[in-house]
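For reference, the chains in residue letters:
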2 protein chains.
Amino acid sequence: MKIICNQSELVSALNIALKAVPSKTSLPVLECILLEASEAEGIKITTNDMELGIETKIDGRVDAGGKVALNAKFFSDIVRKLPDEYVIIEVDGNCTAYISCGKAKFTIAGQTGEDFPRLPEVKRQNSISVSQFTLKEMIRQTIFSISDNDNNKVMTGEYFEIMDNELKVTSLDGHRISIRKVLMKDNYTATNAIIPGKTLNEIGKILSGDTDKNVSMYFMERYVCFEFDNTIMLSRLIDGKYYNVSQMINSNYDTKITVNKREFTDCLDRALLLVKESEKRPVIMDIRDDFLSLNMNSSIGNMDEEIAIKKDGADLMIGFNPRFLMDAMRAIDDEEITIYMTTAKMPCFIRDVEETYIYLILPVNFNTR
Amino acid sequence: MKIICNQSELVSALNIALKAVPSKTSLPVLECILLEASEAEGIKITTNDMELGIETKIDGRVDAGGKVALNAKFFSDIVRKLPDEYVIIEVDGNCTAYISCGKAKFTIAGQTGEDFPRLPEVKRQNSISVSQFTLKEMIRQTIFSISDNDNNKVMTGEYFEIMDNELKVTSLDGHRISIRKVLMKDNYTATNAIIPGKTLNEIGKILSGDTDKNVSMYFMERYVCFEFDNTIMLSRLIDGKYYNVSQMINSNYDTKITVNKREFTDCLDRALLLVKESEKRPVIMDIRDDFLSLNMNSSIGNMDEEIAIKKDGADLMIGFNPRFLMDAMRAIDDEEITIYMTTAKMPCFIRDVEETYIYLILPVNFNTR
């Protein structure tokens, strides 16, 4: 095998491919990238951690086809430190790779790659298309409320639902629910699937956030495929039935408040200073007339703060885990946010009028001082 | 006690003071900052880890004098998150501190501070003065070759020597020696002391790097004091006799090469990719005619690279720990550097003509391939 490509393009491709290299594995070949070159397909890098597989192509010249498996860490560390010039990679019959770039010459041992597990084949049917920006944002705005508890596998993923021209993404962890909806340009057949949180985290990092570039999603029986730029990400789906979330959502309220997000966030930020991992103290929101008093009390100290709000409905005193409120605030882009509540024992809803986002958070019991 | 000061100034002072708060201590009061206020002295923050003590002053209004010891971490975390406005700190008879700023109000418990260990008194005699920039640079350019092995206490510090108008700083770790010299404006009585590496690391972080601002050093029998801006740093000295370094330094050479620092550094950077913690492989420098070939060979792979040099004297093949060469390269600001060598078993010297810096590095044995 002999290929010539640009150093910076090779680095970008490796940065993407590394996301599917497992840090620990019982199958050592998975610690490698599979580098393949052929006249027909060009230069291709494949990685696979058996849950997520990535295949990404690089522009370049193929002087001789072939394939080799190279240790992902060593190879990418070396490539990253090369000057930004053309990189020549030659592999001999013993799978030894000779990497040269400018005056630098490296030699590293590779493997045949025969035992590298192939990615399942992608059926390019019923492609669903959104902009990279939209998908990246939808993931960012919901991923924080998946559960990391493997006992309930379904909660470790996000529920993707396509219905007509609507894409809806839901995550929940037993204390809160996050929902984001967007309208797409086209109508699609109804589909749904539970996508692993790990996959979404990685794709969220790789997507460019470009509104002009699209990502195509293909839902298969046991896999989902994301295709964008020169890259394919293929992930296993989580088996199981997702929760019926719609029955937990309602629009009733007794107290509705509108606050400035910045002010509220700064206030929560300070309340969080008093939170110790070991004790789960709530921040107590005392809603009275046109003011919201926040109080936090822990073994470290005590915080009191008051912010002006617009209120509709009854006064209320209610306690929340301040981290959960903070996560929702970070996900929302609006300057003013509205919180809907009924009683101190019922969940609150943070949502916009069009319901493009809905954050449900369960309250925490507290003792009135 | 009641004081009013600016949030950002308080944050800056705390950032300095925190450098002398120990992360682990058997004396819990050392985890506190001591906050003192009086008409005469203004507002003062003191910290002390028993090796290094810091005292820093803050501009502000003292409405009522007093003192209190507050947990350094909690207090500084809170202050950092306050809005950039005036902070009012009131302390009642039970040492409870009420911190308010804008609409935010915090209450944290403090201690009397009676058991907080006082810093030793500074004798302001024989002050030696250099710019903050100079001292910061001298530390940066030598600190990497102190030893972290506590068995030889003297090696964990740097040797400061003042002779007439010259300040000379030396560090060594058994494999290499780093020396920096500067000329000062004034002449001083001959003085020398071994200053702990930890102290120098911390002061290096705090000094502003400003050429217009000075730092005064006072050498006492068992302490050294650095005074700059509103801050005093007082450190214990290391007891003992430093090595006679001058007898290890000489100007003889058989081979002298001049290389472009950038090219040489990039090359070492790539060689370091192949270095594993567990195996200490040298980079082999093959100096022949007007070229320097660098070769590195490890279990990860092999690297070869050649750079153009100016050579004076004999050809030579010599091996070094690439990290040691790299550390010296990072310390030197010159674009072209000169290395003086005799044989493959004798140390090399990297120095400029005026000897404002001298880096001695011992070579490593290697087997010719």
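Bear in mind that the values here come from a model prediction, so they are computed numbers and not experimental data.

How each quantity is defined
- Residues numbered from 1 in each chain as written.
- Chains lettered and ligands numbered in written order.
- Predicted model: local features only at pLDDT ≥ 70, side-chain atom pairs only at ≥ 80, totals over all residues.
- Heavy atoms only, no water.
- Helix = DSSP H or I, 4+ residues; strand = E, 2+ residues; numbered from the N terminus.
- Buried < 20%, exposed > 50% of the residue type's maximum accessible area, 1.4 Å probe, protein only.
- Contact = heavy atoms within 4.5 Å.
- 1 Å grid on protein atoms, 1.4 Å probe; cavity = no way out; pocket = protein on both sides within 12 Å on 5 of 7 lines; lining within 4 Å.
- Points joined across faces, edges and corners; volume = space filled by probe spheres on them.
- Nonpolar A, V, L, I, M, F, W, Y, C, P; charged D, E, K, R; others polar.
- Pairing = 2+ DSSP bridges.
- Axes fitted to C-alpha atoms, helices over the stretch in contact; angles between N-to-C directions.
- Salt bridge = Lys/Arg side-chain N within 4 Å of Asp/Glu carboxyl O.
- Polar contact = N/O pair within 3.5 Å; in protein donor to acceptor, adjacent residues only side chain to side chain.
- Domains from an automatic or database assignment.
- Buried area = accessible area lost by both parts, 1.4 Å probe.
- Least-squares fit on C-alpha atoms with pLDDT ≥ 70 in both.
- Left-handed = near helix turned anticlockwise from the far one by under 90°.

**Considerations on the overall build of chain A**
Line of reasoning, step 1. When its secondary structure is counted, chain A shows six helices and 24 strands.
Line of reasoning, step 2. Projected onto the principal axes, the alpha-carbon positions of chain A cover approximately 80 × 50 × 35 Å.
Line of reasoning, step 3. The buried share among the 369 residues of chain A stands at 54%.
Line of reasoning, step 4. Across chain A, the fraction of contacts at a sequence separation of at least 24, relative to all contacts at a separation of at least 6, is 68%.

**Observations concerning the layout of surface pockets**
Line of reasoning, step 1. Of the pockets and cavities examined, the largest pocket occupies roughly 540 Å³.
Line of reasoning, step 2. In terms of lining, the largest pocket is formed by 21 residues, of which the most central are B:His175, B:Lys280, B:Asn321, B:Arg323 and B:Phe324.
Line of reasoning, step 3. Sorting elements by how many residues they give to the lining of the largest pocket places helix H6 (residues 322–331) of chain B first, with three residues.
Line of reasoning, step 4. Partitioned by chemical class, the residues of the lining of the largest pocket number nine nonpolar, three polar and nine charged.
Line of reasoning, step 5. The calculated volume of the second largest pocket comes to roughly 460 Å³.
Line of reasoning, step 6. Lining the second largest pocket are 21 residues; nearest its centre among them are A:Lys280, A:Asn321, A:Pro322, A:Arg323 and A:Phe324.

**Here's the deal with the sheet that holds strand E9 (residues 104–109) of chain A**
Line of reasoning, step 1. As summarised here, the arrangement of the nine strands in space is E5(A)-E1(A)-E7(A)-E8(A)-E9(A)-E19(B)-E18(B)-E17(B)-E21(B), forming an open sheet in which the pairing is antiparallel. Two strands in the sheet have a free side with no partner beyond their single neighbour: strand E5 (60–64) of chain A together with strand E21 (316–320) of chain B. For this sheet the average axis-to-axis angle between neighbouring strands, irrespective of direction, equals 15°.
Line of reasoning, step 2. Bridge count between strand E1 (residues 2–6) of chain A and E5(A): four bridges; the pairing is antiparallel.

**Topic: the interface of chain B and chain A**
Line of reasoning, step 1. Each partner contributes to the interface: chain B provides 26 residues, whereas chain A provides 26 residues.
Line of reasoning, step 2. Our enumeration of links across chain B and chain A arrives at two salt bridges.
Line of reasoning, step 3. Note that B:Asp269 and A:Lys81 form a salt bridge whose closest N and O atoms lie 3.1 Å from each other.
Line of reasoning, step 4. Summed over the shared surface of chain B and chain A, the number is eight residue pairs in polar contact (both at pLDDT 80 or more).

**Observations concerning the side chain of A:Gln132**
Residues and elements named next belong to chain A.
Line of reasoning, step 1. Secondary-structure assignment places Gln132 in helix H3 (residues 132–140).
Line of reasoning, step 2. Residue Gln132 is classed as buried on the basis of its relative accessible area of 0%.
Line of reasoning, step 3. Within the structure, Gln132 has its side chain in polar contact with the side chain of Asp229 (distance 3.1 Å).
Line of reasoning, step 4. Setting aside residues no more than four positions away along its own chain, Gln132 makes contact with Leu207, Ser208, Gly209, Asp210, Lys213, Asn214, Val215, Phe228 and Asp229.

**A few points about the domain arrangement of chain A**
All names here are of chain A.
Line of reasoning, step 1. Per the domain assignment, the segments of chain A are domain 1 (2–109), domain 2 (127–246) and domain 3 (249–361).
Line of reasoning, step 2. Distance between the C-alpha centres of domain 1 and domain 2: 29 Å.
Line of reasoning, step 3. Contacts between the two partners involve 11 residues from domain 1, matched on the other side by 13 residues from domain 2.
Line of reasoning, step 4. Taken together, the two surfaces of domain 1 and domain 2 that pack against each other cover about 1100 Å², and 52% of this comes from carbon and sulfur.
Line of reasoning, step 5. When the buried surface of domain 1 facing domain 2 is broken down by residue, Lys19, Glu51 and Leu52 rank first, second and third, together holding 49% of it.
Line of reasoning, step 6. Ionic pairing is found between Asp49 and Lys198, a salt bridge with its closest N-O pair at 2.9 Å.

**Topic: the pairing of strand E19 (residues 301–308) of chain A**
Line of reasoning, step 1. Judged from the seven bridges that link them, strand E18 (residues 291–297) of chain A and E19(A) form a sheet pairing that is antiparallel. When the bridges of E19(A) are listed, A:Leu292 appears paired with A:Ile307.
Line of reasoning, step 2. Between the end of E18(A) and the start of E19(A), which pair antiparallel, lie three residues.
Line of reasoning, step 3. Of the pairings in the sheet, the one linking E19(A) to strand E9 (residues 104–109) of chain B comprises four bridges and is antiparallel in character. Paired with A:Asp304 across the two strands is B:Lys105, which belongs to E9(B).

**Observations concerning the relation of the copies chain B and chain A**
Line of reasoning, step 1. Once turned by 180° and shifted 0.0 Å along the axis, chain B lies on chain A with an RMSD of 0.0 Å. Read as a symmetry element, the transformation amounts to a two-fold axis. Ranked by how close their C-alpha atoms come to the rotation axis, the residues of chain B are headed by B:Ser23, at 15 Å.
Line of reasoning, step 2. Here 100% of the interface residues in chain B have copies in chain A that are interface residues too; the copies meet face to matching face.

**Considering the sheet that holds strand E12 (residues 176–196) of chain B**
Residues and elements named next belong to chain B.
Line of reasoning, step 1. On the basis of which strands lie adjacent, the open sheet formed by seven strands has the order E11-E12-E24-E23-E22-E16-E20 and antiparallel pairing. Of all strands in the sheet, those with a lone pairing partner are strand E11 (157–172) and strand E20 (310–313), marking the two edges. Averaged over all pairs of adjacent strands, the angle between their axes in this sheet comes to 20°, without regard to strand direction.
Line of reasoning, step 2. In this sheet, E20 lies alongside strand E16 (residues 255–260) in antiparallel orientation, the contact comprising four bridges. Across the sheet, Lys256 pairs through a bridge with Asp312, a residue of E20.

**Details of the packing of helix H5 (residues 261–272) of chain B against H6(B)**
Residue and element names in this part refer to chain B.
Line of reasoning, step 1. Following both chains from N to C, one finds H5 and H6 inclined at 145°, their axes separated by 10 Å at the closest point. Considering how the two elements wind past one another, H5 and H6 form a crossing that is left-handed. Contact residues: Lys261, Phe264, Thr265, Leu268, Asp269 and Leu272 in H5; Pro322, Arg323, Leu325, Met326 and Met329 in H6.
Line of reasoning, step 2. Counted by class, the contact of H5 with H6 contains seven nonpolar, one polar and three charged residues.

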